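Each chain, written out:
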Amino acid sequence: MITVVTCVTNPTHYMWWLGKSLMEEQDEFKLIKAPIELSLHDAYNWAIDRVDTKYIAFIHADVGLLEDGRWFSKVEKICDSLPNLGVAGVIGRGFNGEHYGCAMYARVDNPRTKCIFKGRKYVGAQVYGEITESKIAQTVDHMIMIVPTEVAKRRKFDPQFTDHCGAEDFCLAIAKLELKAYVIPCGAWHKPCLLYTSDAA
């Protein structure tokens, strides 16, 4: 089973994105909403001490899960098959700068519609392009990080890093433990902060 850990600093974003996805999930999971008065990584570390499932999924509150309500079972099956798993994500970079990923930006005017890049504006395609098999990565993006609980308890997040730099630090740190980072083929939406679609067809 997987425990979802998230920080809900904006309840509206949570209810429209991650909260809605969790309500639509058919798989079992546990949920921990970490204290928002802590920094993100302190909150994640607080949550790690309270997890008793095989995996922890650190997920931003403005992320929506795809896979037709079976996201958790797909993720767990994939993670169980990955040798020396230290962390898995849905977007990441390879050792030679390759972009891997299955996350998509969504349109502001219709958040459940994926976009394409048109000129200088996202009108939302997949950020890095869909993958069909797991890829070994150097780092994964912070928006979704799936970590075996035993790994998370051995190597917590370093609170000196900002939100996104912490993901890179975690990935590089687990490499020293001879563990691997992977990007896995599980889709997700990510709400963009700034996305202009007024001229979208």
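Residues numbered from 1 in each chain as written. Predicted model: local features only at pLDDT ≥ 70, side-chain atom pairs only at ≥ 80, totals over all residues. Heavy atoms only, no water.

### A short note on the pairing of strand S13 (residues 144-148)
Side chains on a regular strand alternate between the two faces of the sheet.
Right, on to step 1. Across the 5 residues of S13, 5 count as buried, placing the element largely inside the fold.
Right, on to step 2. Residues Ile144, Ile146 and Pro148 of S13 are buried on one face, and the alternating residues Met145 and Val147, pointing to the opposite face, are buried as well.
Right, on to step 3. Here strand S3 (residues 55-59) pairs with S13 via 5 bridges, running antiparallel. Note on S13: the bridge partner recorded for Ala57 is Ile146. (Buried < 20%, exposed > 50% of the residue type's maximum accessible area, 1.4 Å probe, protein only. Helix = DSSP H or I, 4+ residues; strand = E, 2+ residues; numbered from the N terminus. Pairing = 2+ DSSP bridges.)

### A look at the confidence of the model for the chain
Right, on to step 1. Per-residue pLDDT for the chain has a mean of 84; in total, 79% of the residues score no lower than 70.
Right, on to step 2. Predicted confidence in the chain is weakest over strand S10 (residues 121-123), with a mean pLDDT of 44, and strongest over strand S2 (residues 30-33), with 98.
Right, on to step 3. Within the model, the stretch residues 116-127 combines pLDDT values under 50 with 38 contacts to residues more than four positions away or in other chains.
Right, on to step 4. For the stretch residues 193-201, pLDDT sits under 50, and the model shows 17 contacts to residues farther than four places along the chain or on other chains. (pLDDT = per-residue confidence, 0-100. Contact = heavy atoms within 4.5 Å.)

### Examining helix H3 (residues 40-48)
Side chains that are three or four residues apart share a direction in an α-helix, a result of its 3.6 residues per turn.
Right, on to step 1. Extensive coverage of H3 is indicated by the burial of 7 of its 9 residues.
Right, on to step 2. Residues of H3 that are buried include every one of Leu40, His41, Ala43, Tyr44, Asn45, Ala47 and Ile48, and no others.
Right, on to step 3. Contact partners of the buried residues in H3: strand S1 (2-6), S2, S3, helix H5 (149-154) and helix H6 (165-175).

### Details of the pattern of salt bridges
Right, on to step 1. Enumeration according to the criterion identifies 8 salt bridges in this entry.
Right, on to step 2. One salt bridge connects Lys74 with Glu67, and the closest N-O pair in it is separated by 3.3 Å.
Right, on to step 3. Residue Lys74 is classed as partly exposed on the basis of its relative accessible area of 30%.
Right, on to step 4. Among the residues examined, Glu67 registers a relative accessible area of 24% and is labelled partly exposed. (Salt bridge = Lys/Arg side-chain N within 4 Å of Asp/Glu carboxyl O.)

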